[in-house]
Every structure is written in C-alpha cells, then in structure tokens.
Amino acid sequence: LAFLCVLVLVGLANGFVPAGQALVATSTPRQHIGGALALPQVGAAAGTLLGPLAGAALIGWLPSEHALFAFTAALMFAASLLALTHVREDHVRPAHALRIALGADIRRLWAVPGLKLLYYLQVLFSFTVFGSVAVVSLYTMELLAERPRFGDLSVESWVAATAMAFTLAGIAVLPCWCWVVNRYPTHRVLEILLAGTSATSLLLPLVRDPLELTVARMLFALFVSGLPPPLIRMIKDRAPQGRVAR
C-alpha cells in the first residue's frame, strides 16, 4: 500500500512535460514555436529511452533496489531545483482572485471551432504511442514463439530493440519536423504527418519477424513522433485569449 501511494505521487510528476510544453507554447514567438517545442519533446523521448537502460545498469552497481529509488528521487529533486532556479516566465498576475472553474473552461474551449478535432488527435496520439507499448512487446513475443533465437538474439533483446528503434527514430526526426512547422503552413504539415502515420501503421500487422517489426516501428515513428508540435501550435492559435495554457 505504501509503495502504491509512492507511485501515485511519482505519477503526479508526469504533468511536468505538458506543463513545460504549455510554458514553451505561451512564451515563444509563433515563428519559432516549432523548434522550441522540439526540445521538451526530445528530452522526454530521450528520458524514456535512457531511463530503463540506466536503471538496469545502476541496479547492478548500487547496493540495493532501495538505493536505486533514492537515486531516482535525488534526480527528480535536482530537476525541480533546475526548473525553480533557471526557468523564467513573464507572468502577469491577474487583478482578480484565482478562480478555478474546470467545467466552465471545458465548455468554453469545447465551443471553439476546430479545437475538438485537435483534442481528439492529441488523445489518439497518446493512445497510439503510449498505449501500444505493451501490445508491441506481446506482438514481438508472438513473432518469436516458433523462433525464440531469431538472429541469435534473445526475446528480451528483440523487445528492447523494437522500443529503442521507435524512440531513436522519434528523437532523430523531431527537429526536422519542427523546422518544417516553422516554415510551412501548419495544417499542411499535419496532413502530411497524418497521411504518413496512417500509411506506415498499415505495415505493422504485415510483418513476419521481429526484424521487420523493428524496421516498421522505426518508419512509423518517423511520422507519428512529429504530431505534437503542429497540434500544440494549432491549439495555441485557436485558444481564446488568456486560455492558451489551459
């Protein structure tokens, strides 16, 4: 029970990335927002990739698993201090008292033309990228059921390879898509990304071995990883004055 409570508290820190994206979106000039949004996205992807690898390495070096948790907590505390001391924001405190009316905010934003579709695409992106992690691992193990030593690699190695290929491709391509977002109409870039995501997703159920799955996941990541910057930029352009962060 205590461990569950700790994990809930750690889960609350997952809001760090969207809060950072909101801050970048509200404080960056429109012509530079694509490249600016790439940085927190790349950082989040790199952490997702390096975190498990670092944890696996440290568990063999540290004296116990409790020490690993303490080390992770120290890193999170260091990140908090960096954000507190180095992140600057031109914030103007409103004259009226703070009133949080989540229901009223949702109703107002829901009435803005185009926002509902953009929110749907954001949710679809999350389901596609984060929701597929466990499914892809199970799919990899199914492909290896009859050939457990395919390519002289273990099942665990292939599961890691499919995850790393997706993340590395996303990290590599994000700055390129953000450069495109800064120079071309955002809706055109979004159309290309959605078309590429749809086309490459069709390859996934057609693969016959884990190597083909790894390549297909990499091709899929080249398009799907570029979706957040144009989506966030289009949400910012359509959000009512004073409600961009919401």
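Remember, predicted model here, so these are calculated numbers, not experimental data.

Reading the values: rules and limits
- Residues numbered from 1 in each chain as written.
- Predicted model: local features only at pLDDT ≥ 70, side-chain atom pairs only at ≥ 80, totals over all residues.
- Heavy atoms only, no water.
- Helix = DSSP H or I, 4+ residues; strand = E, 2+ residues; numbered from the N terminus.
- Buried < 20%, exposed > 50% of the residue type's maximum accessible area, 1.4 Å probe, protein only.
- Contact = heavy atoms within 4.5 Å.
- Axes fitted to C-alpha atoms, helices over the stretch in contact; angles between N-to-C directions.
- Nonpolar A, V, L, I, M, F, W, Y, C, P; charged D, E, K, R; others polar.
- Core = buried A, V, L, I, M, F, W, Y, C linked by side-chain atoms within 4.5 Å.

Draft legend 1. Fine view of the environment of R243. For R243, the location among the structural elements is in the segment after α11 (228–238). A relative accessible area of 21% means that R243 is categorised as partly exposed. Distance in space between the C-alpha atoms of R243 and R108 is 9.9 Å, their sequence separation being 135 residues. Excluding anything up to four places from it in sequence, R243 contacts D105, R108 and L109.

Draft legend 2. Here's a closer look at the packing of helix α8 (residues 155–183) against α11. Axis separation between α8 and α11 bottoms out at 9 Å; the angle between their running directions is 35 degrees. Between α8 and α11, the residues in contact are L174, C178, V181 and N182 and P229, P230 and R233, respectively. Residue classes in the contact of α8 with α11 are distributed as five nonpolar, one polar and one charged.

Draft legend 3. View of the nonpolar core. V224 and L227 are the most contacted members of the largest nonpolar core, which totals 29 residues. With near-sequence residues (within four places) excluded, L227 lies in contact with F125, L190, L193, L194 and T197.

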